[in-house]
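Understanding the architecture of this molecule
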Protein chains: 2
Amino acid sequence: MRIAVDIMGGDYAPEQIGAGTLAAAQENPRHAFILVGTEQALADLPQLPPNAEKFSAGSVMAMDEPVANLTGKKDSSIWLATQLVKKGQAQAVVSAGSTAAQMASALLLLGRIKGISRPAIVGIMPSLAGPRVLLDIGANADCKPEMLLQFALMGQVYAQEILGLKAPRVALLSNGSEDHKGNELVKAAHQLLCQNLPDFAGNKEGRDLAEAKDFEVMVCDGFTGNIVLKTMEGTAQTILGMLKEQLGANFRHKAGAALIMPGLKKIKRQMDYAEYGGAPLLGVKGISIICHGSSKAYAIQNAVNLAISCLEQDFAGKIERTVEKTLTSPVAN
Amino acid sequence: MRIAVDIMGGDYAPEQIGAGTLAAAQENPRHAFILVGTEQALADLPQLPPNAEKFSAGSVMAMDEPVANLTGKKDSSIWLATQLVKKGQAQAVVSAGSTAAQMASALLLLGRIKGISRPAIVGIMPSLAGPRVLLDIGANADCKPEMLLQFALMGQVYAQEILGLKAPRVALLSNGSEDHKGNELVKAAHQLLCQNLPDFAGNKEGRDLAEAKDFEVMVCDGFTGNIVLKTMEGTAQTILGMLKEQLGANFRHKAGAALIMPGLKKIKRQMDYAEYGGAPLLGVKGISIICHGSSKAYAIQNAVNLAISCLEQDFAGKIERTVEKTLTSPVAN
């Protein structure tokens, strides 16, 4: 397999992205790696291993740049890296740059899977029951009911193939667990999910997320998903920060802290949102791994490994077949 | 003042609601209290103090009963308690029963404040910076942009008069802090808030909620607000629960726990969502205090005191004047 990495995207680009790619190249000698970046960035790279090569880009899509600029930047690193996949010169693309630019490149060059209205970004939600899948977390601020059904199907494949969760059940995020609760979108989506999804776990509330007792996948529109994920992250960080402050407050607390530290570290690890390096953009024909903007070398290495694993499992093909099977059934249409 | 309390609403009705009302009656000898309940519930009450009286209701709106049933239940405790305010026989109503039934009773009997499209339910959000105001938290699952401006104005009055926060700044909950981020509703509301609100703090993300550094009021539609509040609550409870479990895990941890317990209790208190007994329904002509369904006697006593304080400060009148001043200005129309 050949993996194209946009080394210009992310808060720690290009050094950390380059370093992570090279670490992945060393870890995976049977696969090939293409580092896409500006002349300068490529020149600054250390000696490449034999299974890595450089590909020169003329420009970069900045993190907060309007995605409309992409049409005038067909020489940007994210566009060229995705184009390598389109041309068959690579099988997957990895980036920690502007998510909007990465998504637009994937949509325009690789195209949508049949039956999928819009691609979705999947998030990993830490919970007491283990990692859970939340989507969409930001690609689509406004959604139609049928999109939530599509998210559900793609989320199930993701939970099964990538997280290894057996027979994943899908919950619909709502402002009440009763079937009739929700805004207009959720009420309509509830009907669709009932009709088309044997593993539908019904409506779940915000307070069910941290425990995640009886579902593996949670679907919602990208506006709500983004806010929920960041709210969980912020609340967890704030409480752990308060705890740290309290533990250092006086000598008595410090002595207690030393005793309980192993327990605290376990909690921190369980609620750590940075542990997952990246996630495939769901619904496009091909593998495009979206990484956190704050990814460092280790996260990029993980993301590249995720790309390889997606390819080995034919992840995009599995989504395509699942969607085709469910959404062309008489009920869904 | 005379306060009508629906003693039939809530998980611990009628005993705890009755007990809380009688405690409030003893605490406030200069005010009068009307306990509205079924014959049986009223008969079971202990001896009333001289400033409390009974008012008999023929039925009860159950917690999960469709609000449409209210039209056929004009003898229900929540309807009759609200009607006492309408008729001038009481000045405020307090209930821990079905929020939908309480809101419908207030809307139909007391009416909306001019300029307010729909009433809103306000929530208190614990944060590092102290209590913050979040609305709407569930009255309106689908909103129009102008409603978010109305929420902002009502939230400011609430923050100032009830929480005592000076010159409260209003933030708009969105999936990104940039001005152009948001779903269709938020993008339109952002414009309106910019034009009409000198204290507009801009878009804030889910991760800003727990710190709440530079705003006192957060507005959003009732679907998102409900989910966010419950997500914060669930995440906080889960982390504190994990901590408790870890602290009891072995002897070493137990010894540490004993040392840090005062610090932990402080955090728990700071993140405690149950401390606030109730909140006035915003946007109706009159005072209707909505309590948590799980309210016990102490919470009801607090809620009754809140009703008295709202009346003494002419809370509803202040909202009416603020809305009139802002929304009849040339910019808003």
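Residues numbered from 1 in each chain as written. Chains lettered and ligands numbered in written order. Predicted model: local features only at pLDDT ≥ 70, side-chain atom pairs only at ≥ 80, totals over all residues. Heavy atoms only, no water.

Moving on to the overall build of chain A. Across its full length, chain A holds ten helices and eleven strands. Taking 2.2 N^0.38 as the reference for a compact globule, 333 residues should give roughly 20 Å; the C-alpha atoms of chain A span a radius of gyration of 21 Å, in line with that estimate. Overall, the C-alpha framework of chain A stretches about 70 × 55 × 35 Å when taken along its three principal axes. Relative to its full complement of 333 residues, chain A shows a buried share of 60%. Sequence separation of at least 24 residues holds for 67% of the intrachain contacts in chain A that already meet a minimum separation of 6. Element-wise, carbon and sulfur atoms account for 51% of the exposed surface of chain A, whose accessible area totals about 13,400 Å². Positive and negative side-chain charges in chain A, numbering 32 and 32 respectively, have mean positions lying 3 Å apart. (Helix = DSSP H or I, 4+ residues; strand = E, 2+ residues; numbered from the N terminus. Rg over C-alpha atoms; globule rule 2.2 N^0.38 Å. Buried < 20%, exposed > 50% of the residue type's maximum accessible area, 1.4 Å probe, protein only. Contact = heavy atoms within 4.5 Å. Areas by Shrake-Rupley, 256 points an atom, 1.4 Å probe, with all protein chains shown as cover. Lys, Arg positive; Asp, Glu negative; His and termini not counted. Charge placed at Lys NZ, Arg CZ, Asp CG, Glu CD.)

A few words on the pattern of salt bridges. The final tally for this structure, using the stated rule, is 20 salt bridges over all chains. Taken together, the shared-partner salt bridges connect E205 and R207 of chain A together with K230 of chain B into one network. (Salt bridge = Lys/Arg side-chain N within 4 Å of Asp/Glu carboxyl O.)

In this section: the relation of the copies chain B and chain A. The two copies are related by a screw operation: chain B maps onto chain A through 180° of rotation and 0.0 Å of translation along the axis, at an RMSD of 0.1 Å. Taken together, these values place the two copies in the relation of a two-fold axis. When the interface residues of chain B are mapped onto chain A, 100% of them again fall at the interface, so both copies present the same face. (Least-squares fit on C-alpha atoms with pLDDT ≥ 70 in both.)

On to the interface of chain B and chain A. Counting residues at the interface gives 50 residues for chain B and 50 residues for chain A. Here chain B and chain A share an interface that buries about 4,500 Å² over both sides, 71% of which is from carbon and sulfur atoms. Our count for the chain B to chain A interface comes out at two salt bridges. Close ionic contact of K230 of chain A with E205 of chain B constitutes a salt bridge, the shortest N to O distance being 2.2 Å. On inspection of chain B and its partner chain A, the count reaches seven residue pairs in polar contact (both at pLDDT 80 or more). When residues of the side of chain B that touches chain A are traced back to their parent elements, those giving at least two are α6 (184–196), α7 (222–247) and α8 (251–270) of chain B. If one sorts the elements of the side of chain B that touches chain A by residue count, α7 of chain B sits on top with 19 residues. Its residues placed into classes, the side of chain B that touches chain A shows 25 nonpolar, 16 polar and nine charged. (Buried area = accessible area lost by both parts, 1.4 Å probe. Polar contact = N/O pair within 3.5 Å; in protein donor to acceptor, adjacent residues only side chain to side chain. Nonpolar A, V, L, I, M, F, W, Y, C, P; charged D, E, K, R; others polar.)

How two helices pack is summed up by the angle between their axes together with the distance between the axes. Residue and element names in this part refer to chain A. Relative to each other, helix α1 (residues 15–27) and helix α9 (residues 297–312) sit at 50°, their axes nearing to 7 Å. Put simply, α1 runs oblique to α9. α9 is crossed by α1, and the crossing has right-handed handedness. Facing α1, whose interface residues are Q16, I17, A19, G20, T21, A23, A24 and E27, α9 presents A297, I300, Q301, V304 and N305. Considered class by class, the residues forming the contact of α1 with α9 number seven nonpolar, five polar and one charged. (Axes fitted to C-alpha atoms, helices over the stretch in contact; angles between N-to-C directions. Parallel < 35°, antiparallel > 145°, perpendicular 65-115°, else oblique. Left-handed = near helix turned anticlockwise from the far one by under 90°.)

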